[in-house]
Amino acid sequence: MARVWTDKQKAAFGAEGGTILVSAAAGSGKTAVLIERIMRKITDPVHPVDVDRMLVVTFTRAAAAEMCERLSKALSARAAAQPDDKLYQRQLMLLPQAHISTVHGFCTALLREHAAEAGLPLRFSVADDTQADLIAAEAMDEVLEESFRQRDPSFLALAAQLGGGSGRDDSGLRSAVENAYTFMQAQPFPEQWLRARQDEYSAVIPLEKTVFMNYVRRELLFILDEAIRLNDKVFALTEDERLAAYRTAVLIDRHRLDGARAAADDEKLSYDALQAAVCGLSLERLAAIRKKDAAAQEMIEEVKGLRASIKKQLSRAAGLFCGTEEECREDLVRLTPLVEALGTLAMHFSAVFTAKKRERKLLDYNDLEHEALRLLLTPENRPTQLAHDLSQRFDEIMVDEFQDTNAAQSTLFEALSKNGKNLFFVGDVKQSIYAFRQAKPEIFTAFRDAYAPYDPKDPRFPALITLENNFRSRLEVTDTVNFLFRQLMHRDLGGVEYDKGEALVCSAQYPPAGDRESEWLLLDMAGGDGEADPVAAEARLIGRRILELTDTMTVSDGEGTRPLAFGDICILMRSRKVPPSTIV
């Protein structure tokens, strides 16, 4: 049976004329849409695009292999159905030369093709994580040993600040250098980025205009919004006449919180004025309630708990300020040479680390991205002749899982494009999980906010297409996800306002089942079930519930149903610290 596409899916694989960002929710069929877009381009009866004239970037090698396999099957099926049409045979022959790979796979191929221009050995290898870690440790030892021997005052002050002044414990210093290096490597021009960060400490500008204050304001708004939310819950309780005596104080509190929030949102307000507005916050004293029954007493206790939480939020807010503006200036003056020393160390480490890798004819994943960028962009961020030539090679550049792209990779895609006008990005910021590897979901959200929704009647580019239909899960699952994400996700936490436009729309067809529901298993360790180890107790609870489900639950399988099997169940762990075997 032919697949039925939604209007938005049709737009995603059919839109032509400019750059498109597809915000594809979980289970929305994004891989199928990508495959269909490629198939429609390469089999267009009027203007077919050869499959090797597209660059398709996937997040993993397995995803690239799967995409090639699905394209091969689709083309083979059409070739068998229409043996006289040479178009399908041609695309099948070109498929092995298609540029479908990870970003690092593409960079590797590019650098091998242009090794001489890049100044790289022709037969370089890509270092695995273990190799890279060993070489990095060797480079770090060499850099720190040299720095301690030279005894530069700024370096020694930095080492002392980070706990390594004696030379016996330099773990804090090593960690700081490694972190600086990691952050700079995610940028298209690492040295320029690092110098800009150093300059932020020495810039003579009002404190409220510094990057530091941007973070303070963002955190303040988050804290004050939470305090306001808690205060609103208190006010809702005072609508009961038994707590009416509290209303005036609660309204005064709301007025004060609103004033502090307005101050935090005012970028022109001086640091000292903002500090005074926030640190001077306090809650109004509640009036006494003389007559109270048991129900009223319970509500009073709830009010006390909520106000205690508000006070904790206000304490957090005040803790963001570490002194007056003058004192902060003094700190910046004192820290500037230390930041300069850290930047110098990070760049020196980068140079030594790179040299050691080149001695072994090795490149790591960061090297692949930056060496490719050096081929494509001048130090002034202008496209090279090679970038221009490559941009003519690709009619479209498709990038999957774009929410987990870093700044260097995004710049690379832009450099390969036709002035940024033939890009097709697919992703979902809600599924971004690689920020710890310097992925920048903010790139995705910036594009999403800047692009206008695609209108097939009046197509304008760049355009945004949102796929919100979920074809994978039951209504009970999507309802639960939507409920949780509405509570947890907003612009500052998760990068998205989880509103109607972001919520999953259940579109999967399952036979009716009245026993399907989401459930929480709460483990009470104080209950005394004889298990002292919380991990073991949790495993036992999960195991018991799984056995109960396998005895009672059926699942859909094809056109019918069957009993639930162990293989139908997935247990997600919070981290790898607890081996799966412990649970199983």
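Residues numbered from 1 in each chain as written. Predicted model: local features only at pLDDT ≥ 70, side-chain atom pairs only at ≥ 80, totals over all residues. Heavy atoms only, no water.

Peer 1: Help me get a handle on the overall build of the protein, residues and values and all.
Peer 2: When you go through the protein residue by residue, the secondary structure sums to 22 helices and 13 strands. If you take every contact in the protein between residues at least 6 apart in sequence, the share linking residues at least 24 apart comes to 74%. Surface summary for the protein: the accessible area is close to 32500 Å², and the carbon and sulfur share equals 53%. Positive and negative charge centroids in the protein, built from 73 and 90 side chains respectively, lie 1 Å apart. (Helix = DSSP H or I, 4+ residues; strand = E, 2+ residues; numbered from the N terminus. Contact = heavy atoms within 4.5 Å. Areas by Shrake-Rupley, 256 points an atom, 1.4 Å probe, with all protein chains shown as cover. Lys, Arg positive; Asp, Glu negative; His and termini not counted. Charge placed at Lys NZ, Arg CZ, Asp CG, Glu CD.)

Peer 1: Any chance you could break down the pairing of strand β9 (residues 463–467) for me, citing the residues and the numbers?
Peer 2: Of all five residues making up β9, four are buried, and the element is well covered by its neighbours. By the bridge criterion, five bridges tie strand β1 (residues 20–24) to β9 in an arrangement that is parallel. Looking at β9, one finds that V22 is bridged to I465. Strand direction decides the pairing type here: strand β8 (residues 452–453) and β9, joined by two bridges, are parallel. By the bridge assignment for β9, P453 is matched with L464. (Buried < 20%, exposed > 50% of the residue type's maximum accessible area, 1.4 Å probe, protein only. Pairing = 2+ DSSP bridges.)

Peer 1: Outline helix α18 (residues 407–416), listing residues and values.
Peer 2: In terms of residue burial, α18 counts as a mostly covered element, since nine of its ten residues are buried. The complete set of buried residues in α18 reads A407, A408, Q409, S410, T411, L412, F413, A415 and L416. With a side-chain oxygen lying 3.0 Å from the backbone nitrogen of A408, the N-terminal cap of α18 falls on N406. (Polar contact = N/O pair within 3.5 Å; in protein donor to acceptor, adjacent residues only side chain to side chain.)

Peer 1: Report on the sheet that holds β8, specifying residues and quantitative values.
Peer 2: A sheet is described by the order of its strands in space; here seven strands give the open sequence β3-β2-β6-β7-β1-β9-β8, paired in parallel fashion. Single-partner strands in this sheet number two, and they are β3 (99–102) and β8. Relative to the sheet, helix α5 (residues 103–113) contacts β2 (54–58) and β3, its axis offset from that of β3 by approximately 115°. (Axes fitted to C-alpha atoms, helices over the stretch in contact; angles between N-to-C directions.)

Peer 1: Account for the layout of surface pockets, naming residues and giving values.
Peer 2: By volume, the largest pocket amounts to about 2200 Å³. Of all the elements, helix α21 (residues 534–552) adds the most residues to the lining of the largest pocket, at eight residues. Its residues placed into classes, the lining of the largest pocket shows 22 nonpolar, seven polar and twelve charged. Its volume calculated, the second largest pocket comes out at about 1800 Å³. F183, R197, V211, Y215 and R218 are, among the 48 residues lining the second largest pocket, the residues nearest its centre. (1 Å grid on protein atoms, 1.4 Å probe; cavity = no way out; pocket = protein on both sides within 12 Å on 5 of 7 lines; lining within 4 Å. Points joined across faces, edges and corners; volume = space filled by probe spheres on them. Nonpolar A, V, L, I, M, F, W, Y, C, P; charged D, E, K, R; others polar.)

Peer 1: Residue-level account of the environment of V555, with values.
Peer 2: Residue position: V555 is located in strand β12 (residues 554–557). In this structure V555 comes out as buried when scored by relative accessible area, which is 17%.

Peer 1: Can you break down the nonpolar core residue by residue, with the values?
Peer 2: Among the nonpolar cores identified, the biggest contains 45 residues, and L111, L376, F402, L412, F413 and L416 are the most heavily contacted of them. At the level of secondary structure, the elements contributing two or more residues to this core comprise β2, α5, α16 (365–376), α17 (385–393), β6 (396–399), α18, β7 (423–427) and α19 (441–450). Top contributing element to this core by residue count: α18, with six residues. Ignoring any residue separated from it by four or fewer positions in sequence, one finds F402 in contact with L21, S410, F413, F425, V426, G427, I443, F444 and F447. If you look at the next biggest cluster of nonpolar residues, it comprises 36 residues, including F13, A32, V33 and M67. (Core = buried A, V, L, I, M, F, W, Y, C linked by side-chain atoms within 4.5 Å.)

Peer 1: Got a sec to walk through a negative patch on the surface? Specific residues and values, please.
Peer 2: Where like charges cluster on the molecular surface, the negative patch consists of E326, E327, E330 and D331. With respect to the element layout, E327 can be found in helix α15 (residues 325–359). Overall, E327 belongs to the partly exposed group, its relative accessible area being 39%. (Patch = residues over 30% accessible without salt bridge, like charges linked within 9 Å, V, L, I, M, F, W, Y side chains within 5 Å. Salt bridge = Lys/Arg side-chain N within 4 Å of Asp/Glu carboxyl O.)

Peer 1: Requested: an account of the side chain of K30, with residues and values cited.
Peer 2: Mapped onto the elements, K30 comes out in helix α2 (residues 30–42). The buried category is assigned to K30, whose relative accessible area is 15%. Of note is the side chain of K30, whose polar atom sits 2.9 Å from the side chain of D400. Ignoring anything within four residues of it in the chain, the contact list for K30 reads A24, D400, E401 and V426.

Peer 1: Describe the packing of aromatic side chains, listing the residues and the values that go with them.
Peer 2: Aromatic ring pairs are defined here through the distance separating the ring centres and the angle between the ring planes. Summed over all chains, the structure comprises 15 aromatic pairs. With 3.9 Å between their ring centres and 15° between their planes, F402 and F425 make a pair best called stacked. In this pair, F402 is assigned in the loop between β6 and α18 and F425 in strand β7, connecting sequence segments 23 residues apart. Comparing F402 with F425, the two get one shared label, buried. Each ring, one from F447 and one from Y451, has its centre 5.6 Å from the other, and the planes form 15°; the classification is stacked. Residue classification places F447 among the partly exposed residues on the basis of a relative accessible area of 23%. Ring-pair connections join several aromatic residues into one group, and the members of that group are F402, F425, F444, F447 and Y451. Here the guanidinium or amino end of R112 rests over the ring plane of F124, the centre of that ring lying 4.3 Å away. The ring centre of F353 lies 3.9 Å from the NZ or CZ of K357, which sits over that ring. (Phe/Tyr/Trp six-rings, centres within 6.5 Å; stacked < 30°, edge-to-face > 60°. Lys NZ or Arg CZ within 6 Å of the ring centre and 35° of its normal.)

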